[in-house]
Amino acid sequence: MERLSLTQARNLMLAAQGLLNGPEKPAGKQDVLFCIRKMGVLQIDTIHVVARSPYLVLFSRLGSYTPSWLDELEAEGKLFEYWAHAACYIPVEDFALFRRIMLEDHHPHYISPEWLDEHRDMQNQILQRIRDEGPLRSADFEQSKTPGLWWNWKDEKRILEHLFNLGELMISRRIKFQRVYDLSQRVMPAWQDEMAPDFETVKRELIMRSVHCLGITRPEWVADYYRLPKKGIGEYLNRLAEDQRLITCEVDGFNDVFYIHPDHRGVYDQACRQSLQATYTTLLSPFDPLVWDRTRARQLFDFDYTIEAYVPAPKRKYGYFCLPLLWKGQLIGRVDAKAHRSAGCFEIKTLYLESGVTVNDGLLSDICQALIKCAHWHSCSKLIVTDSFPGEVAERINQMISVLQSG
């Protein structure tokens, strides 16, 4: 059994995730769809300090592109929304897998059966309006609230989300990032529930997808990707390897077996020959699949990361929405950024480098170029680094920015 170094293993995962090397050409609309297929899913989050997370995840891989392409692909039926790792965009060809999850009630539950019984008339009225009027947003319904429930949603929104979880409603498109709900049979008119595979087939397929999307994985990382039940996954992977449906290897610093999807045989061979080289520098969303499993990021990349948007302000160490900084195969820091769109300024409030990172002109030039690209994609002509750790980094990068912009 081959043994990979930590760097080789990291590069294999980065290759599978589309983050090993930068984009070779300007992105087109189909590249957005290809990118999501490569990742398997694209997590949705609404925080908007910089670009909303799904758009930023795509930028990290594609470079500058038109964000509305994502919305258009959903409206065209190339993508659908459902629960995967979390709320996600998913390629429509995977609908059968997630329809089984809907049918078998494996989706999240945020509403008690008692509350639903009390609001059965409201649920029927909402469904009837959508049947009669066509796709509707939550904003198209009156507002009534039951105090003390999660997220402070109005009751109509809770019912819309409940019907979405059940699969009775789907998201036909988004308008200014607001979900537009429609009857599932209108969004997927050719679908018949008899087409959905059994749950064991779904589980096996999603395990294989997880291995494929990760590039290289140990058993404990697999369940998180599609939020599968953890029990028995190690034995499942072992059986797949015995059937030669997965490749196995070892990785320095770990005692267990790692698994690789056979589709990555060529990249794995490159890693074994040490010819797989990471060259890319970019900012990542906190919900990027490379880092959304915080345990995996810590174990493989030695990067201890927490999104502090959900941490009380006095307890934050780095900032509300810090973006991990990827540099040539390493997670070397985080960036507390804010896009001041009306002023056309992309501000790096603080740039933090990990302890032990060697600061030199090459590193700072790569970071500078990545920040400039991100600022331009946000339509911000001005970029400024206000503070940094170590302290001299901000001054040196600002000098580089000044030279590049004056040139």
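This is a predicted model, so every value here is computed, not measured. (Residues numbered from 1 in each chain as written. Predicted model: local features only at pLDDT ≥ 70, side-chain atom pairs only at ≥ 80, totals over all residues. Heavy atoms only, no water.)

Caption draft 1: Structural context of unusual backbone geometry. Of note, the amide linkage connecting Phe389 to Pro390 takes the cis form, showing an omega dihedral of 0 degrees. Locating Pro390 in the fold gives a position in the loop between strand E15 (388-389) and helix H16 (392-406). Phi is positive for Phe177, close to 70 degrees, though the residue is something other than glycine. The exposure class of Phe177 is buried, given its relative accessible area of 9%. Unusually for a residue other than glycine, Lys328 sits at a positive phi of about 45 degrees. (Helix = DSSP H or I, 4+ residues; strand = E, 2+ residues; numbered from the N terminus. Buried < 20%, exposed > 50% of the residue type's maximum accessible area, 1.4 Å probe, protein only.)

Caption draft 2: Quick peek at the pattern of salt bridges. Within the structure shown, the criterion is met by 27 salt bridges. Its salt-bridge partner being Asp288, residue Arg61 comes within 2.7 Å of it at the nearest N-O pair. Highlighted residues: Arg61 in helix H3 (residues 53-62) and Asp288 in the loop between strand E10 (281-283) and helix H14 (294-301), separated in sequence by 227 residues. A cluster of three or more residues bridged by salt bridges with shared partners is formed by Glu81, Lys157, Glu161, Arg174 and Arg179. (Salt bridge = Lys/Arg side-chain N within 4 Å of Asp/Glu carboxyl O.)

Caption draft 3: Focus on the sheet that holds strand E9 (residues 258-260). If you walk across this open sheet you meet the three strands as E1-E8-E9, and the pairing is mixed. Strand pairing shows two members of the sheet lacking a second neighbour, strand E1 (3-4) and E9, which therefore form its edges. In this sheet, E9 lies alongside strand E8 (residues 247-251) in antiparallel orientation, the contact comprising three bridges. Across the sheet, residue Cys249 finds its bridge partner in E9, namely Phe258. Strand contacts of helix H13 (residues 265-272): E1, E8 and E9, with the helix running at about 30 degrees to E8, the strand carrying the most contacts. (Pairing = 2+ DSSP bridges. Contact = heavy atoms within 4.5 Å. Axes fitted to C-alpha atoms, helices over the stretch in contact; angles between N-to-C directions.)

Caption draft 4: Local environment of the environment of Leu62. Here Leu62 lies in helix H3. Considering only alpha carbons, one finds Leu62 and Pro26, 36 residues apart in sequence, at a separation of 7.7 Å.

Caption draft 5: Representation of the pairing of strand E14 (residues 382-385) within the structure. The side-chain alternation of E14 yields one buried face, formed by Leu383 and Val385, and one unburied face, formed by Lys382 and Ile384. Note that strand E13 (residues 345-353) and E14 share four bridges and pair parallel. Paired with Ile348 across the two strands is Val385, which belongs to E14. Handedness of the crossover joining E13 and E14 through helix H15 (residues 361-377) is recorded here as right-handed. (Right-handed = clockwise from strand over helix to strand, strands pointing away.)

Caption draft 6: Main features of the nonpolar core. Among the nonpolar cores identified, the biggest contains 142 residues, and Leu58, Tyr65, Phe98, Ile216, Phe346, Leu351 and Ile397 are the most heavily contacted of them. For this core, the leading source of residues is H15, giving nine residues. Apart from residues no more than four positions distant in its own chain, Ile397 is found in contact with Leu351, Leu364, Ile367, Cys368, Leu371 and Val385. (Core = buried A, V, L, I, M, F, W, Y, C linked by side-chain atoms within 4.5 Å.)

Caption draft 7: Structural view of the packing of aromatic side chains. Throughout the structure, instances matching the rule amount to 17 aromatic pairs. When the ring of Trp221 is compared with that of Phe258, the centres are 5.6 Å apart and the planes differ by 80 degrees; the resulting orientation is edge-to-face. With Trp221 in helix H11 (residues 219-226) and Phe258 in strand E9, the pair connects residues that are 37 residues apart, well separated along the chain. When sorted by exposure, Trp221 lands in the same class as Phe258, which is buried. Seen from their ring centres, Tyr318 and Tyr352 are 4.8 Å apart, and the 85 degrees between their planes marks the pair as edge-to-face. Of this pair, Tyr318 sits in the loop between H14 and strand E11 (322-327) while Tyr352 sits in strand E13; the two residues are 34 residues apart in sequence, bridging distant segments of the chain. Here Tyr318 matches Tyr352 in class, with each residue buried. The side chain of Arg129 reaches across the aromatic face of Phe141, ending 4.7 Å from its centre. A cation sits over an aromatic face here: Arg179 above Phe164, 4.5 Å from the ring centre. (Phe/Tyr/Trp six-rings, centres within 6.5 Å; stacked < 30°, edge-to-face > 60°. Lys NZ or Arg CZ within 6 Å of the ring centre and 35° of its normal.)

Caption draft 8: Structural view of the environment of Val393. One can find Val393 in helix H16. For the pair Val393 and Tyr352, spaced 41 residues apart in the sequence, the C-alpha separation amounts to 9.1 Å. Beyond its immediate sequence surroundings of up to four residues, Val393 is in contact with Leu351, Leu353, Val359, Leu364 and Ser388.

Caption draft 9: Molecular detail of the sheet that holds strand E5 (residues 136-137). Read across the open sheet, the three strands follow the order E5-E7-E6; overall the sheet is antiparallel. Pairing within the sheet leaves two strands with one partner each, and these edge strands are E5 and strand E6 (169-175). Where E6 meets strand E7 (residues 178-183), six bridges bridge the pair, whose relative direction is antiparallel. Paired with Arg174 across the strands is Arg179, a residue of E7. Against the sheet, helix H7 (residues 120-133) contacts E5, E6 and E7, and its axis sits at roughly 85 degrees relative to E7.

Caption draft 10: Inspection of the pairing of E11 at higher detail. E11 sits mainly inside the fold: six of its six residues count as buried. Both faces of E11 are covered, namely the face carrying Cys322, Pro324 and Leu326 and the face carrying Leu323, Leu325 and Trp327. Relative to E11, E10 is paired through three bridges, and the arrangement is antiparallel. Within the sheet, the bridge partner assigned to Thr281 lies in E11 and is Trp327. Examined bridge by bridge, E11 and strand E12 (residues 330-340) share six bridges and lie antiparallel to one another. Residue pairing in the sheet places Leu325 in a bridge with Gly333 of E12. Where E11 hands over to E12, the hairpin turn is made up of two residues, of which Lys328 adopts a positive phi near 45 degrees.

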